[in-house]
Amino acid sequence: MSEQESLRCSSARNRGGVQRVEGKLRASVEKGDYYEAHQMYRTLFFRYMSQAKHAEARELMYNGALLFFSYNQQNSAADLSMLVLEVLEKSETKVEDEILESLAKLFSLMDQNSPERVAFVSRALKWSTGGSGKLGHPKLHQLLAVTLWKEQNYSESRYHFLHSSDGEGCAQMLVEYSASRGFRSEVDMFVAQAVLQFLCLKNKNSASVVFSTYTEKHPSIEKGPPFVQPLLNFIWFLLLAVDGGKLKVFTVLCEQYQPSLKRDPMYNEYLDRIGQLFFGVPPKQSPSYGGLLGNLLNSLMGSGEEDDGAEEAQEDSSPIELD
């Protein structure tokens, strides 16, 4: 028997072993022996890990978590979900869409108000970037954003969309957010904030997509450009100016639209940053950002973690990094 055939046979035996074990554990759960089943899962987890059977451990914990979720055993399910992450971390598993989707599935089943959910998503995002302290994989952010959107947790969904590359999805969520929670007079402010924040995160493409999609699909916005709302015209001109990169155009634009920009005190703060990123405006003489913008950019950039991704801020694969 060749080495390759031997490996296939070994893998098949391992898979069969996992299925037999899962059958016994499922029977325990179905009988209501939740605590006993949970402890059995944990015992098997550490046994598999000690034998470096990482794939088997991850599969067993993932299926076990789904089983406990189906019986509304939130604590046990959340614990096994964390063990799934532990396998990924210790085995140095490469990021793949299938794994990100499985993590998002576990997240979607967790109690929306549980502290375990917060801990899970924080750890999952950290793993998805190799523990580098960056912001998390854009695909995982997108999956989380969609889940939170379905839960009508618009503010959290918005945060994750900002760190994804899904400008269209973000726009559709913002249309729903505006229609269900906002005033008619604020329809322009929902998208303006998103565009300015995308630009602060150097994600020019998503900024353009979120603007075009939102203004096209929002029922309270007449077809443009030009638009009835001056703020929307400002954002439209700003996106054109960003493509051109001419400081004079940017300066005149900001001066002409000051009445609209005064509607939110954050707008000019965002524009200071955008001026630095796209128009060569020198930073203000201050020790980094303070006040409202500092707090916001810190939350957007996840700067509570180590900033060891700063040197890679210009990489095309990380359009949401800041310098």
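You'll find the structure just up there.
In this text the structure is predicted, and so the values were computed from the model without any measurement. (Residues numbered from 1 in each chain as written. Predicted model: local features only at pLDDT ≥ 70, side-chain atom pairs only at ≥ 80, totals over all residues. Heavy atoms only, no water.)

The geometry of helix 2 (residues 34-50) relative to helix 4 (residues 74-91) is characterised by a closest axis approach of 11 Å and an angle of 5° between their N-to-C directions. For the element pair helix 2 / helix 4, the angle class is roughly parallel. In contact with His 38, Tyr 41, Arg 42, Phe 45 and Met 49 of helix 2, helix 4 contributes Ser 76, Asp 79, Leu 80, Leu 83, Glu 86, Val 87 and Lys 90. Grouping the constituent residues of the contact of helix 2 with helix 4 by class yields six nonpolar, two polar and four charged. (Axes fitted to C-alpha atoms, helices over the stretch in contact; angles between N-to-C directions. Helix = DSSP H or I, 4+ residues; strand = E, 2+ residues; numbered from the N terminus. Parallel < 35°, antiparallel > 145°, perpendicular 65-115°, else oblique. Contact = heavy atoms within 4.5 Å. Nonpolar A, V, L, I, M, F, W, Y, C, P; charged D, E, K, R; others polar.)

The next thing to look at is unusual backbone geometry. Of the consecutive residues Gly 224 and Pro 225, the connecting peptide bond is found in the cis state with omega at 0°. Mapped onto the elements of the fold, Pro 225 is located in the loop between helix 11 (204-217) and helix 12 (230-244). Not every positive phi belongs to a glycine, and Gln 152 is a case in point at roughly 60°. Relative to the assigned elements, Gln 152 resides in the loop between helix 7 (138-150) and helix 8 (154-162).

In this description, an aromatic ring pair is defined by two values, namely the gap between the centres and the angle between the planes. Per the counting criterion, the structure on display carries 11 aromatic pairs. For the pair Trp 149 and Phe 161, a centre-to-centre distance of 6.2 Å together with 65° between the ring planes defines the contact as edge-to-face. Of the two residues, Trp 149 is situated in helix 7 and Phe 161 in helix 8; the sequence distance between them amounts to 12 residues. Here Trp 149 matches Phe 161 in class, with each residue buried. Taken together, a centroid distance of 4.8 Å and an interplanar angle of 35° make the contact between Trp 236 and Phe 237 tilted. In this structure Trp 236 comes out as partly exposed when scored by relative accessible area, which is 26%. Accessibility expressed as a relative area gives 34% for Phe 237, which makes it partly exposed. Aromatic rings pair up to connect Phe 234, Trp 236, Phe 237 and Tyr 257 into one cluster. For the cation-ring pair, Arg 117 lies above Phe 107, with the distance from its terminal atom to the ring centre recorded as 3.8 Å. (Phe/Tyr/Trp six-rings, centres within 6.5 Å; stacked < 30°, edge-to-face > 60°. Buried < 20%, exposed > 50% of the residue type's maximum accessible area, 1.4 Å probe, protein only. Lys NZ or Arg CZ within 6 Å of the ring centre and 35° of its normal.)

Next up on the list: the pattern of salt bridges. Summed over the entire model, instances satisfying the criterion amount to six salt bridges. Salt-bridge contacts for Arg 123 lead to Glu 89; the nearest nitrogen and oxygen are separated by 2.8 Å. With Arg 123 in helix 6 (residues 115-128) and Glu 89 in helix 4, this pair connects stretches of sequence that are 34 residues apart. (Salt bridge = Lys/Arg side-chain N within 4 Å of Asp/Glu carboxyl O.)

Turning next to helix 15 (residues 266-279). Over its 14 residues, helix 15 runs 19 Å from end to end, which matches the ideal 20 Å to within 8%, given 1.5 Å per residue. Every buried residue belonging to helix 15 is among Met 266, Tyr 267, Tyr 270, Leu 271, Arg 273, Ile 274, Gly 275, Gln 276 and Phe 279, and all of these are buried. (Expected span 1.5 Å × (residues − 1).)

The next point concerns a negative patch on the surface. A contiguous patch of negative charge, built from Glu 96, Asp 97, Glu 98 and Glu 101, is present on the exposed surface. One can find Glu 101 in helix 5 (residues 97-109). You can call Glu 101 partly exposed: its relative accessible area is 42%. (Patch = residues over 30% accessible without salt bridge, like charges linked within 9 Å, V, L, I, M, F, W, Y side chains within 5 Å. Areas by Shrake-Rupley, 256 points an atom, 1.4 Å probe, with all protein chains shown as cover. Lys, Arg positive; Asp, Glu negative; His and termini not counted. Charge placed at Lys NZ, Arg CZ, Asp CG, Glu CD.)

Ranked by internal contacts, the top residues of the largest apolar core, which has 48 residues, are Val 195, Tyr 214, Phe 234, Leu 238 and Leu 271. For this core, the elements supplying multiple residues, two or more each, are helix 7, helix 8, helix 9 (167-181), helix 10 (187-200), helix 11, helix 12, helix 13 (247-256) and helix 15. Looking at this core element by element, the count peaks at 11 residues for helix 10. Once residues lying within four places of it in the same chain are set aside, the contact partners of Tyr 214 are Ala 171, Leu 174, Val 175, Ser 178, Val 187, Phe 190, Val 191 and Ile 221. Leu 25, Ala 65, Leu 80 and Leu 140 belong to the second-largest nonpolar core, a separate cluster that totals 41 residues. (Core = buried A, V, L, I, M, F, W, Y, C linked by side-chain atoms within 4.5 Å.)

At a closest axis distance of 10 Å, the pairing of helix 6 and helix 7 adopts a crossing angle of 155°. If you check the angle between helix 6 and helix 7, you find them roughly antiparallel. From helix 6, Arg 117, Val 121, Ala 124, Leu 125 and Ser 128 reach across to helix 7, where they touch Leu 140, His 141, Leu 144, Thr 147 and Leu 148. The class makeup of the residues in the contact of helix 6 with helix 7 is six nonpolar, three polar and one charged.

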